[in-house]
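Structure assessment
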Amino acid sequence: MGRIVGIAGWLTAVLLVAGAPAAHAAEIKLISAGAVRIVVMDLAEKFAKETGHSVKGTFGPIGVVREKLASSPADVVIATDVAIDDLMQKGAVVAGTRADLAHTGVGVGVRENAPKPDISTPEAFKQALLAAKSIVYVDPALGATSGIHVAGVLQKLGIADAVKSKTVLWQKPFAAEAVVSGQAELVVNQISEILPVKGVAYVGPLPRELQKITVYSGGIAAKSEAGDAARAFLAYLTRPEAKVKFAGAGLDYKDK
């Protein structure tokens, strides 16, 4: 619980979207992974205008999604497919309501107009990390999917100790912002959290041998009190128009 308080500025992004009045308008409580935040916020606003239902969203790493779901009211949950399946097995998400929404990979970013390092092979990526003055990725202690994966990649490459002193472990959304502020030279994070950050140039995805593709899925919380409105919102997130939005935010990654 202390960790939640310490990063409260990140975890809760509230979007109370005012729409046209509806006879049975509901406030849908959403607990979601942070990687899909921008697209989901945009779609929630459009959903509100069309239906009159508002969406109150809390966003954070997967570890925090689990914690918040256990302690807070919720109607719709968005997490990794693995997490959603686990939550269904535990009865926290209604069985049979899983809907796959988006998928993203892990990539690299540098400051805009800076030279882009070669990351085309595992060895090239390793050398790029060693050559960088500083690197940033999401703190694995937060339960963040990308942070845990990147920490594992550093171990796999045998350079975890070599880069430890120049590594920034980010505890807020969009680790790429550390590149903009000059706190780090190179960011390794999910592609969907690199592309939206102005001032950062996307270098490319990690090599296939080091890549992790994450599927984000939604489900209806077992303790939902919003009923049909929650199901309508989840269905809205799967529409073709929504898929276009997810794709535009780097959330349609395909391993080539």
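A brief structural summary. (Residues numbered from 1 in each chain as written. Predicted model: local features only at pLDDT ≥ 70, side-chain atom pairs only at ≥ 80, totals over all residues. Heavy atoms only, no water.)

**Here we look at the pattern of salt bridges**
Following the criterion strictly, the structure yields 11 salt bridges and no others. Ionic pairing is found between arginine 98 and aspartate 81, a salt bridge with its closest N-O pair at 4.0 Å. Linking arginine 98 in the loop between α5 (81–89) and β4 (99–104) with aspartate 81 in helix α5, this pair joins segments that are 17 residues apart in sequence. Glutamate 241 serves as the salt-bridge partner of arginine 239, at 3.9 Å between the closest nitrogen and oxygen. (Salt bridge = Lys/Arg side-chain N within 4 Å of Asp/Glu carboxyl O. Helix = DSSP H or I, 4+ residues; strand = E, 2+ residues; numbered from the N terminus.)

**A word on the sheet that holds strand β1 (residues 27–33)**
Two orientations exist for strands paired in a sheet by backbone hydrogen bonds: parallel and antiparallel. On the basis of which strands lie adjacent, the open sheet formed by five strands has the order β2-β1-β3-β10-β4 and mixed pairing. In this open sheet, the two strands that pair with only one neighbour each are β2 (54–60) and β4. Recorded for the sheet is a direction-independent mean angle of 20° between the axes of neighbouring strands. In this sheet, strand β3 (residues 76–80) lies alongside β1 in parallel orientation, the contact comprising three bridges. Its bridge partner being in β3, leucine 30 is matched across the sheet by valine 76. (Pairing = 2+ DSSP bridges. Axes fitted to C-alpha atoms, helices over the stretch in contact; angles between N-to-C directions.)

**Some words on unusual backbone geometry**
In this structure, asparagine 113 is a non-glycine residue whose phi angle is positive, near 75°. Along the polypeptide, asparagine 113 turns up in the loop between β5 (106–111) and α6 (122–131). Owing to a relative accessible area of 76%, asparagine 113 belongs among the exposed residues under this scheme. Unlike most non-glycine residues, phenylalanine 174 shows phi in positive territory, near 60°. As for its position among the elements, phenylalanine 174 is in the loop between β7 (167–170) and α9 (177–180). (Buried < 20%, exposed > 50% of the residue type's maximum accessible area, 1.4 Å probe, protein only.)

**Description of the environment of histidine 103**
With respect to the helices, strands and loops of the structure, histidine 103 is situated in strand β4. Separated by 147 residues in sequence, histidine 103 and glycine 250 place their C-alpha atoms 8.3 Å apart. Sequence-distant contacts of histidine 103, that is, excluding residues within four places in its chain, are made with Ile213, Thr214, Val215, Gly250, Leu251, Asp252, Tyr253 and Lys254. (Contact = heavy atoms within 4.5 Å.)

**Quick look at the sheet that holds β5**
Strand order across the open sheet formed by five strands is β7-β6-β8-β5-β9, with mixed pairing between neighbours. On the outer flanks of this sheet lie β7 and β9 (200–205), each paired with one strand and no other. Each adjacent strand pair in this sheet contributes to an overall mean axis angle of 25°, direction not counted. Direction of pairing for strand β6 (residues 135–138) relative to β7: parallel, over a ladder of four bridges. Residue valine 138 lies in a different strand from β7, and its bridge partner there is tryptophan 170. Where helix α7 (residues 145–157) meets the sheet, its contacts fall on β5, β6 and β8 (186–190), and the angle it forms with β6 comes to roughly 130°.

Any functional reading would require information that these geometric values do not contain.
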